Amino acid sequence: MTSSNAAPKRFYKAATVEPQGDGWTIALDGRTIKSPTRGALTLPREALAEALAAEWNAQGERIDLTAMYLMRLANIAIDHAPDARDGMADEVARFCETDLICHIAEEPEDLIALEEEHWAHVREWAGEALGVNLVTTEGVRATPQPDASLEAAREYALSLDDFRLTGLVHACALYGSALLAMGVCEGLLTSEDAYEMSRLDEAYQAARWGEDEEAAAATAGKRVEAAALGRWFLGLAE
């Protein structure tokens with residue numbers, strides 16, 4: 001994390017959105033910004049550009065780069081994704097191999113029922129809508145997933161543009177589930193709901209035994225990240 005003393009001082013008054021080519025970009029006091037590799041920061045939709053500008057305008061006296069989730073995703077989509085699409089698609093398929101919502105608790109019965117209440121319809125949707133039919137297992141026990149479903153996951157990932165693919169891979173890591181990530185990407189779920197669905201077991205245990213401060217702080221941080229990811233996909237919506 002960047003300490004407040006090490007963080008760069010805010011050097012601009014306002015961030016605004018400006019048209020750039022076929023897309024949109026961010027200008028700080030009229031000067032457009034670039035990606036870390038000095039590429040043009042061209043965003044595909046005005047709504048996403050507005051969301052990034054809001055991140056810049058929310059900064060205080062110093063710029064907290066660690067809190068600029070959308071800016072980091074945009075930099076990845078522009079600088080990294082174009083040359084890494086196959087690897088990113090493979091990563092989505094790897095998450096399918098151990099997808100969180102395919103690992104059902106062994107006990108107790110009320111936790112099993114809770115998980116299936118929230119997860120079953122997402123698995124069914126992924127199979128029907130995307131051809132990603134994954135089988136379930138108990139606990140952390142590994143089970144092979146159908147090759148055809150893993151290939152369908154790769155094909156789905158590669159069908160996305162660089163910005164949506166970047167969001168999808170980030171969502172897989174945040175939720176521990178490619179299926180939840182796909183649901184968010186396709187508008188089946190909100191990012192916030194998907195994150196809460198990903199921590200059903202954790203929330204169940206915390207309700208029974210309590211939650212320590214460190215775990216609570218980690219959850220709070222991930223909720224902020226989930227909300228930012230929701231703004232990312234909302235900004236990319238048709």
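Coordinates for the structure precede this section.
Here the structure is a predicted model, which is why all the values come from computation and not from measurement.

Peer 1: Can you help me understand the overall build of the chain in this one?
Peer 2: Per the secondary structure count, the chain includes 10 helices and five strands. Each of the three principal axes of the chain carries a C-alpha extent, and together these read 60 × 40 × 25 Å. Burial analysis of the chain (238 residues in total) assigns 45% to the buried set. Of the roughly 12,200 Å² of accessible surface on the chain, a fraction of 51% belongs to carbon and sulfur atoms. If you average the places of the 20 positive and of the 42 negative side-chain charges in the chain, the two averages end up 10 Å apart.

Peer 1: How should the pairing of strand β1 (residues 15-20) be read in this particular structure?
Peer 2: The side chains of a regular strand alternate between the sheet's two faces. With six bridges connecting them, β1 and strand β2 (residues 23-28) associate as antiparallel partners. Within β2, the position partnered with Ala15 by the bridge is Leu28. Counting the residues that bridge the hairpin from β1 to β2 gives two residues, and of these Gly21 lies at a positive phi of roughly 60°.

Peer 1: Hey, could you run me through the packing of helix α8 (residues 191-198) against helix α10 (residues 213-236) in this one?
Peer 2: In helix packing, the relevant descriptors are the interaxial angle and the interaxial distance, both defined with respect to the helix axes. Between α8 and α10, the least distance of the axes is 8 Å, while the angle of their chain directions is 145°. The handedness of the crossing between α8 and α10 is right-handed. Residues Ser191, Glu192, Tyr195 and Glu196 of α8 touch α10, and the partners they reach there are Thr219, Lys222, Arg223, Ala226, Ala227, Leu229 and Gly230. Tallied by class, residues from the contact of α8 with α10 come to four nonpolar, three polar and four charged.

Peer 1: So what exactly am I meant to see when it comes to the pattern of salt bridges here?
Peer 2: Side-chain pairs of opposite charge can arise where the charged atoms are in close proximity. Using the criterion set out here, one finds 11 salt bridges in the structure. Two residues, Asp90 and Arg154, come together in a salt bridge whose shortest N-O distance is 3.2 Å. Taken together, the residues span a long stretch of sequence, with Asp90 in helix α3 (residues 85-97) and Arg154 in helix α5 (residues 147-159) at a distance of 64 residues. We classify Asp90 as partly exposed; its relative accessible area is 32%. Here Glu151 and Arg154 are joined by a salt bridge, their closest N and O atoms 3.4 Å apart. Linking Glu151 with Arg154, this pair stays in helix α5, spanning three residues, or about one helical turn. Residues participating in the shared-partner salt-bridge network are Glu196, Arg199, Glu202, Glu211 and Arg223.

Peer 1: Just to check I follow, could you spell out the nonpolar core for this structure?
Peer 2: One recurring pattern in soluble globular proteins is that nonpolar side chains are buried together. Ranked by size, the top nonpolar core spans 75 residues in total, and within it Ile26, Trp56, Val132, Leu168, Tyr175, Met182 and Trp232 carry the most contacts. When residues in this core are grouped by element, the largest group, eight residues, is from helix α6 (residues 162-175).

Peer 1: What am I meant to see in the sheet that holds β1 here?
Peer 2: Across a sheet, paired strands are connected by hydrogen bonds in the backbone, their directions being either parallel or antiparallel. Strand order in the open sheet formed by three strands is β1-β2-β3, and the pairing between neighbours is antiparallel. Each edge of the open sheet is held by one strand with a lone partner, namely β1 and β3 (31-32). Examined bridge by bridge, β2 and β3 share two bridges and lie antiparallel to one another. Bridge pairing in β3 places Ala27 opposite Thr32.

Peer 1: Looking at this structure, how should I read the packing of α3 against α6?
Peer 2: Two elements in contact, α3 and α6, have axes whose closest approach is 10 Å; the angle formed by their N-to-C orientations is 35°. Taken as a pair, α3 and α6 cross one another with a handedness that is left-handed. Contacts between α3 and α6 involve Arg85, Met88, Glu91, Val92 and Phe95 from the first element and Asp162, Leu165, Thr166, Leu168, Val169, Cys172 and Ala173 from the second. Looking at side-chain class alone, the contact of α3 with α6 contains eight nonpolar, one polar and three charged residues.

Peer 1: Please explain the environment of Ala51 as it appears in this structure.
Peer 2: In this structure, Ala51 sits in helix α1 (residues 46-57). With 184 residues separating them along the chain, Ala51 and Gly235 place their C-alpha atoms 7.0 Å apart.

What counts as what
Residues numbered from 1 in each chain as written. Predicted model: local features only at pLDDT ≥ 70, side-chain atom pairs only at ≥ 80, totals over all residues. Heavy atoms only, no water. Helix = DSSP H or I, 4+ residues; strand = E, 2+ residues; numbered from the N terminus. Buried < 20%, exposed > 50% of the residue type's maximum accessible area, 1.4 Å probe, protein only. Areas by Shrake-Rupley, 256 points an atom, 1.4 Å probe, with all protein chains shown as cover. Lys, Arg positive; Asp, Glu negative; His and termini not counted. Charge placed at Lys NZ, Arg CZ, Asp CG, Glu CD. Pairing = 2+ DSSP bridges. Axes fitted to C-alpha atoms, helices over the stretch in contact; angles between N-to-C directions. Left-handed = near helix turned anticlockwise from the far one by under 90°. Contact = heavy atoms within 4.5 Å. Nonpolar A, V, L, I, M, F, W, Y, C, P; charged D, E, K, R; others polar. Salt bridge = Lys/Arg side-chain N within 4 Å of Asp/Glu carboxyl O. Core = buried A, V, L, I, M, F, W, Y, C linked by side-chain atoms within 4.5 Å.

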